[in-house]
Structures are given as C-alpha cells and as structure tokens.
Amino acid sequence: MPDIIQLLPDHVANQIAAGEVVQRPASVVKELLENSIDAGSSIIKLIVKDGGKTLIQVVDDGKGMSVTDARLSFERHATSKIKSAQDLFNLHTKGFRGEALASIAAIAHVDMQTRREEDEVGTQLKIEGSNVVAQEVTVTPKGTSISVKNLFFNIPARRNFLKSDQVELRHITDEFHRVALAHPEIGFSFYNNGSEHFNLKSESFRQRIVHIFGSKINERLVPLEEETEVLKINGFVIKPEFAKKSRGEQFFFVNGRFIKSSYLHHAVVAAFEGLMRAEMRPAYFIKLEVDPATIDINIHPTKTEVKFDDEHTLYALLKSTVKHSLGQFNVTPALDFER
Ligand code: ADP
Ligand code: MG
C-alpha cells in the first residue's frame, strides 16, 4: 500500500485559514485597520462599497513596505511583529499571527500599493486567489493602500451566506467604532458608497466617544480612573439613569484591543447594583492596561477573547473602581426607577 498523506498546497491551506480569519467583510476591515495601526499610521482612511462586498479599501500613512516585504506580507505565517514564541508574552502590536493578508488574498482580489519614506518609488501588487497577477514599480504616497474586491469570489457558499449590504455595513461600522475608540490619537475617516460617515481628527478618548455617539452622551459620562501595580483603568461609565434595556454601547479595551468579556461585564453591572433596575444595561467605555505577560490573546484567530492570569483581582478592582466613581459623582439610588 502506498503512503497516502500529503501536504496541502499553500493556496489550499490559505483558503482553509481564511475560513477562520474572515467571516465577513467586517473581518477584513478589522485586519486591515489593525495592520495600519501597527504600521504607526497617524491618519487612516476606510472606503467601502456595497457593505464591503464590492470594495474594502484602507489607506494609511504608516511606514510602508519594501518590495521584498510587500511580496512576503502575503505569505502565511509571515510577520514582522514577532520572532519567537517568547514574544507572544510581550505583545505590543495588534497582529502577530501573520495570516491575515495571506487569508484575505486567498479569497478575494487584492491590490496593494506601498512605499516606505526612504524609497523613491513604491510597489504595486495584484493578487487574485493567492496568485500574484501583477507586480509593478509605482509612484505612490508614503504608506500603504490595500483594496480588497470581490470577497469570497471563489467560495460561492460563503458569498451567498453574506447578509444584505445594510447588515454587512452595520458590522463594518461596529468594527470601525471599536478600532476608532481604541485609538483616539489616530485620525480616521470612513466612506461608504461615496458618502462620508466619519471624519475623526486625533483627539481625546472622551471627544472620540462624543464624535461617534453624539453630543448628548457627553454629560452622561462618569469618568473612571485607577492605577495599581497590576492594572490601570481609564474610561467612562454612563450614569445609571441613562442605562437602557437593550445591550447598547459596551466596550472593553485591553492594552488597546477591543475584547469581549462577560466576566468583566458582570463586574461593571455589579457595581451598578441598587442604582438601576436589574434588567437595565449600563453603557461603558473602559480601557484596561495590564502587563502583556499576564494575558493570553492567542485564544482565537479574531483575538476578541483574552485569558487573564488573575481575573479575580481584575474583577474586584474594576467593580470597586466603577462603584467609587459613581459614588464620587453623586450618583445615588433613584427613588423612582421608572424615570
Ligand atoms: P500580522 O499583522 O499578524 O503580522 P498580516 O498578514 O496582517 O500579519 O500582515 C503581514 C505583515 O505585512 C505584517 O507583519 C507587516 O509587516 C506587513 N503589513 C501589513 N499591512 C501593513 C501596512 N498597512 N503597513 C505596513 N506593513 C504592513
Ligand atoms: Mg495583521
């Protein structure tokens, strides 16, 4: 009997990995925006058409890439962000898996233009379903522009599974909010089908929240601030009387990365105990800074989950910080919970 195991060709492996990394257009938006942030950009522009199904383009003014790096960036496990497994415990970048661009290029038509400051000319690369179809020298501003067209063109089942343009746009907008809130120091603009949705200049966290969610929210915010040896907490919770029944705006950022955590959510809700009815949900915008060595974000390819070494301490500190801030801002139990 002959041996029957063989290594999958790269383009097949990339397409399989893409299934995990890219669920929908919003996943591409997240990966591209994060790459632009990691590249040290100060202004990032997001352009989408038809809920991202026709076009997703991210243009940044970051450090750009050399010709060789531009080619390598589309290889799987190719990254400039970590060199060894040890680096996983000291992460200061959003990326580290080196699979986003390879995955995206496996299932879409990608056009990249990039130039480093020190290079006179840049590089243009076109890749379709993992195949490089063009590579040219090009005149382009410093930074990187990546266009992703016809997402899932070669996976009809995935393409058909996409929701309406409107629903996909909502997912993209959610992603944009998360990234823009995590980095108020960076200017972000966002265009959909030619119309401007956001044009955010570099600003404070509070200003960023107001520019995204509207000026009414400003007077409803209660600031949080706490610093201990293991944790720094910054941000805002909403005054209890403005809590809603629906989920609303609830954001945790750990070391600059949006994460989901029902455990930490519970800590915040517990701090509101007695201040609002049990079924109400407070909005919050909370940034936690911890030693990167004490967390693991390599749990899922989308990196929206985090494992903390000592989550009980975190829970207690978060709860007491929120409680203390609500108290300081004279938020006392409302006699009439209906208002
Ligand atoms: P990761 O972000 O995990 O390293 P990616 O596949 O997202 O993996 O990107 C691969 C590499 O391509 C990055 O490590 C980086 O060196 C380079 N790169 C990607 N996007 C940009 C960009 N906008 N500007 C500069 N370099 C980039
Ligand atoms: Mg990346």
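- If you check an unreviewed UniProt entry, the protein chain appears there as DNA mismatch repair protein MutL from Croceivirga thetidis.
- The Sequence similarities (unreviewed entry) field of the UniProt record for the protein chain holds the comment "Belongs to the DNA mismatch repair MutL/HexB family."

## Quick look at the sheet that holds strand 10 (residues 232-238)
Sheets are built from strands paired through backbone hydrogen bonds, the pairs being either parallel or antiparallel.
Part 1 of the reasoning: With mixed pairing, five strands are arranged side by side in an open sheet as 9-10-13-11-12. Two strands lie at the open edges of the sheet, namely strand 9 (221-227) and strand 12 (257-259), each paired on one side alone. For this sheet the average axis-to-axis angle between neighbouring strands, irrespective of direction, equals 20°.
Part 2 of the reasoning: Note: strand 11 (residues 250-254) against strand 12, three bridges, orientation antiparallel.

## Examining the nonpolar core
Generally speaking, soluble globular proteins have nonpolar side chains that are buried together.
Part 1 of the reasoning: Ranked by size, the top nonpolar core spans 77 residues in total, and within it V29, I104, A105 and V268 carry the most contacts.
Part 2 of the reasoning: No other element matches the seven residues that helix 6 (residues 165-182) contributes to this core.
Part 3 of the reasoning: Split by domain, the residues of this core number at least three in each of domain 1 (10-200) and domain 2 (216-328).
Part 4 of the reasoning: Residues contacting V268, with those up to four places away along its chain left out, are V237, P282, Y284, L318 and V322.

## Some words on the domain arrangement of the protein chain
Part 1 of the reasoning: For the protein chain, the domain assignment lists domain 1 (10-200) and domain 2 (216-328).
Part 2 of the reasoning: Each of domain 1 and domain 2 was reduced to a C-alpha centroid, and the two centroids are 29 Å apart.
Part 3 of the reasoning: Every contact between the two is made by 14 residues of domain 1 and, on the other side, eleven residues of domain 2.
Part 4 of the reasoning: Going through the elements one at a time, helix 1 (10-21) and helix 6 are the ones with two or more residues in the side of domain 1 that touches domain 2.
Part 5 of the reasoning: The dominant element in the side of domain 1 that touches domain 2, judged by the number of residues it contributes, is helix 6, at three residues.

## With respect to the sheet that holds strand 8 (residues 195-200)
Part 1 of the reasoning: With mixed pairing, eight strands are arranged side by side in an open sheet as 5-4-3-6-2-1-7-8. Pairing within the sheet leaves two strands with one partner each, and these edge strands are strand 5 (131-138) and strand 8. Adjacent strand axes in the sheet meet at a mean angle of 10°, parallel and antiparallel pairs treated alike.
Part 2 of the reasoning: Packed on one face of the sheet, helix 2 (residues 25-38) meets strand 1 (43-49), strand 2 (55-60) and strand 6 (143-149) and runs near 10° to strand 2.

## Structural notes on the site of ligand 1
Part 1 of the reasoning: In the neighbourhood of ligand 1, 23 residues make up the surrounding shell, with N35, A39, S73, T79 and G95 lying closest.
Part 2 of the reasoning: At the level of secondary structure, the elements contributing two or more residues to the shell around ligand 1 comprise helix 2 and helix 4 (100-106).
Part 3 of the reasoning: Of the residues contributing to the shell around ligand 1, the split by class is seven nonpolar, ten polar and six charged.

## Remarks on the pairing of strand 2
Part 1 of the reasoning: Sheet analysis places strand 1 next to strand 2, joined by six bridges and oriented antiparallel. Looking across to strand 2, one finds that K49 is bridged to L55.
Part 2 of the reasoning: Where strand 1 folds back onto strand 2 in an antiparallel hairpin, the turn is made up of five residues, including D50, whose phi is positive at roughly 50°.
Part 3 of the reasoning: One ladder, built from six bridges, connects strand 2 with strand 6; its direction is antiparallel. Looking at strand 6, one finds that L55 is bridged to K149.

## Brief notes about the packing of helix 6 against helix 7 (residues 205-213)
Part 1 of the reasoning: Running from amino to carboxyl end, helix 6 crosses helix 7 at an angle of 160°, the nearest separation of the two axes being 9 Å. By the angle class used here, helix 6 and helix 7 are roughly antiparallel. Crossing hand, helix 6 versus helix 7: right-handed. Of the residues in helix 7, those touching helix 6 at H177, A180 and L181 are R208, I209 and I212.
Part 2 of the reasoning: For the contact of helix 6 with helix 7, the per-class residue count stands at four nonpolar, one polar and one charged.

## Observations regarding the packing of helix 2 against helix 6
Part 1 of the reasoning: Taken N-terminus to C-terminus, the directions of helix 2 and helix 6 make an angle of 25°; their axes are 8 Å apart at the nearest point. Accordingly, the angle class assigned to the pair helix 2 and helix 6 is roughly parallel. Crossing of helix 2 against helix 6: the hand is right-handed. Here P25, A26, V29, K30 and L33 of helix 2 come into contact with helix 6, specifically with E168, H171, I172, D174, E175, F176 and V179.
Part 2 of the reasoning: By residue class, the composition of the contact of helix 2 with helix 6 is seven nonpolar, one polar and four charged.

Cut-offs and rules
Residues numbered from 1 in each chain as written. Chains lettered and ligands numbered in written order. Predicted model: local features only at pLDDT ≥ 70, side-chain atom pairs only at ≥ 80, totals over all residues. UniProt positions renumbered as here; feature names shortened; annotations may be inferred. Pairing = 2+ DSSP bridges. Helix = DSSP H or I, 4+ residues; strand = E, 2+ residues; numbered from the N terminus. Axes fitted to C-alpha atoms, helices over the stretch in contact; angles between N-to-C directions. Core = buried A, V, L, I, M, F, W, Y, C linked by C-beta atoms within 7 Å. Buried ≥ 20, exposed ≤ 12 C-beta atoms within 10 Å, placed from the backbone. Domains from an automatic or database assignment. Contact = placed C-beta atoms within 7 Å. Near = placed C-beta within 6 Å. Nonpolar A, V, L, I, M, F, W, Y, C, P; charged D, E, K, R; others polar. Parallel < 35°, antiparallel > 145°, perpendicular 65-115°, else oblique. Left-handed = near helix turned anticlockwise from the far one by under 90°.

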